[in-house]
Amino acid sequence: MKNIVVLVSGGGTNLQALIDAEKSGIIKNGKISCVISSNPDAYALERASKNNIPTEVIRRKDYDEFFEYDKALTDLLKSKNADLIVLAGFMTILGHEVISAFENRIINIHPALIPSFCGEGFYGLRVHKAALEKGVKLSGATAHFVNEVCDGGPIIIQKAVEVKSGDTPEVLQKRIMEQAEWKILPQAVSLFCQDKITVKDNIAIISD
Ligand code: GAR
């Protein structure tokens, strides 16, 4: 059984999707053992507590230097014996130490079809605002491994979602969450937990 640690910053609807998927057996061979938040007020922490999942808070602003924060987060994740780390709406950039300590063991959910609307500055509603400003007719979500290129790691699963005329960033965000994020993130986690993902030359290969 793989030990899953979920990193959050906000509302935690993706965390909830993971909790529900674990309960319903969609996630095979994995268990969420801890939720770590960058924000002590994140509602995601309540979702974890309601499901008896231990929580921790680690804030970037409590460390003077980025490398100190990077080391503290790495040590915390090692102390939790994490096999897999899931970024479920985690809004703090990860550093070299944590990424190299957990190579191809960190999965992020991004609310667009990478390589569109991704990279530095593209997070949360900003992603959907940019998609609407471009006038794309399809957007979606991507579950991918994290490497040192922001949103540049191997792509595991993508799902397209229709953009409708009159969409606001909020409306599009909700549709993409419901139709894509909450489905593909648990699927990607389950594939990882069953050792069904291999990575070669920055490409993720899924076996069935
Ligand atoms: C989600 O839409 C997630 O894809 C996005 O933040 C939201 C968090 O919602 N993540 C990013 O933009 C990362 N670049 P949640 O807290 O309800 O899961």
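Residues numbered from 1 in each chain as written. Predicted model: local features only at pLDDT ≥ 70, side-chain atom pairs only at ≥ 80, totals over all residues. Heavy atoms only, no water.

**Points about the sheet that holds strand E1 (residues 2-8)**
Defined as follows: Strand pairing follows a simple DSSP-based rule, namely that at least 2 bridges must link the two strands. Here a strand is any run of E in DSSP of at least two residues, a helix any run of H or I of at least four, and the numbering for each starts at the N terminus. Lines fitted to C-alpha atoms define the axes, with helix axes restricted to the stretch in contact, and inter-axis angles between N-to-C directions lie between 0 and 180 degrees. Should any heavy atoms of two residues lie within 4.5 Å, those residues are counted as being in contact.
Spatially, seven strands are ordered E3-E2-E1-E4-E5-E6-E7 in an open sheet, and the strand pairing comes out mixed. For this open sheet the edge positions go to strand E3 (55-57) and strand E7 (155-162), each flanked by a neighbour on one side alone. Put simply, the sheet's adjacent strands are angled 20 degrees from each other on average, direction ignored. Inspection of the sheet shows E1 paired to strand E4 (residues 84-87) by four bridges, in the parallel sense. Residue Val5 lies in a different strand from E4, and its bridge partner there is Ile85. Running over the sheet, helix H3 (residues 66-79) touches E1, strand E2 (30-37), E3 and E4 and is turned about 145 degrees from E1. Contacting E1, E2, E4, strand E5 (106-110), strand E6 (138-145) and E7, helix H6 (residues 169-193) crosses the sheet at an angle of about 160 degrees to E7.

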